[in-house]
Amino acid sequence: MQPNIAANRLMYIVTKEESKDKLRFPNIETFYIFDILIWLVMRYFETRFMEEADEFLSQLDLKTVKKILYNIDLVEQTNDPKLFKKLQNDIWELRTIFGGLQIRLLAFWDKSDNKKTLVIATHGFIKKVDKIPKGEIERAVRLRDKYFITASKN
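All of the points below concern the structure found in this document.

What counts as what
- Residues numbered from 1 in each chain as written.
- Predicted model: local features only at pLDDT ≥ 70, side-chain atom pairs only at ≥ 80, totals over all residues.
- Heavy atoms only, no water.
- Pairing = 2+ DSSP bridges.
- Helix = DSSP H or I, 4+ residues; strand = E, 2+ residues; numbered from the N terminus.
- Core = buried A, V, L, I, M, F, W, Y, C linked by side-chain atoms within 4.5 Å.
- Buried < 20%, exposed > 50% of the residue type's maximum accessible area, 1.4 Å probe, protein only.
- Salt bridge = Lys/Arg side-chain N within 4 Å of Asp/Glu carboxyl O.
- Axes fitted to C-alpha atoms, helices over the stretch in contact; angles between N-to-C directions.
- Contact = heavy atoms within 4.5 Å.
- Phe/Tyr/Trp six-rings, centres within 6.5 Å; stacked < 30°, edge-to-face > 60°.

**Observations concerning the pairing of strand E3 (residues 92-98)**
Examined bridge by bridge, strand E2 (residues 84-86) and E3 share three bridges and lie antiparallel to one another. In the strand pairing of E3, Lys86 is matched with Trp92. Remark: five residues form the turn of the hairpin made by E2 and E3, two consecutive strands paired antiparallel; Asn89 in that turn has positive phi of roughly 55°. Sheet topology places E3 next to strand E4 (residues 101-110); seven bridges connect them, and they run antiparallel. If you follow Phe98 over to E4, its bridge partner there is Leu101.

**Examining the nonpolar core**
Ranked by size, the top nonpolar core spans 20 residues in total, and within it Phe49, Ile68, Ile72, Phe84, Leu94 and Leu105 carry the most contacts. Those elements that provide at least two residues to this core are helix H3 (51-58), helix H4 (62-78), E3, E4 and strand E5 (118-127). Counting residues in hydrophobic clusters, the runner-up holds 13 residues, among them Leu106, Phe108, Val141 and Tyr147.

**Quick word on the pattern of salt bridges**
Across all of its chains, the model carries five salt bridges by this definition. Notably, a salt bridge pairs Arg48 with Glu46, separated by 2.9 Å at the nearest N-O pair. On the basis of relative accessible area, Glu46 is assigned to the buried category, the value being 14%. Residues Arg95 and Glu93 are paired through a salt bridge, measuring 3.3 Å at the closest nitrogen-oxygen approach. One continuous salt-bridge network, built from bridges that share partners, spans Glu93, Arg95 and Arg104.

**As for the sheet that holds E4**
Through backbone hydrogen bonds, the strands of a sheet pair up, either in parallel or in antiparallel fashion. The strand order across the open sheet formed by five strands is E1-E5-E4-E3-E2, and the pairing between neighbours is mixed. Each edge of the open sheet carries a strand with a single partner, namely strand E1 (46-49) and E2. Strand-to-strand twist across the sheet, computed as the mean angle between neighbouring axes with direction ignored, equals 35°. Sheet strands touched by H3: E1, E4 and E5. Its angle to E5, the strand with the most contacts, is close to 45°. The sheet strands contacting H4 are E1, E2, E3 and E4, and the helix crosses E3 at an angle near 135°.

**Brief notes about the packing of aromatic side chains**
Scanning all chains against the criterion turns up six aromatic pairs. Where Phe84 meets Trp92, the ring centres are 4.8 Å apart and the plane angle is 25°; that geometry is what we call stacked. Across the pair, exposure class does not vary: Phe84 and Trp92 are buried alike. A centroid spacing of 5.1 Å and a plane angle of 80° characterise the contact between Tyr147 and Phe148, whose relative ring orientation is edge-to-face. An aromatic cluster is present here, built from Phe84, Trp92 and Trp109 joined pairwise through their rings.

Right under this line is the structure:
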């Protein structure tokens, strides 16, 4: 269960047609290479998505996904506490409000590589109550533990 490379997020944004079928295999134009280079230089950390987070994003409409990814890019550049907040058990939430929905991706830090700092998004959900449900945090902790066990074996 390896997270996708960070540039995969462009696969959600860069499409010629606004259809879910094209989300995974877009036609990337040449000028996006420049955007990727800028993206790599100006970040405090890099966000990667575990399989569950990818599945959650694939179920949302394109405009919502674009807003979520925009907020993630903003957090990577600014570390804005309004968009990226520590919860408990070293689990963080990436926050997006769009279209009347409170969308959350839970995540954790992976600082095991001395060359780069990663934030790994475990999974996502639509928040329906004021507090983050305890079960969602427990799920993120289980996915984090599984991630580090798998990483230590490689």
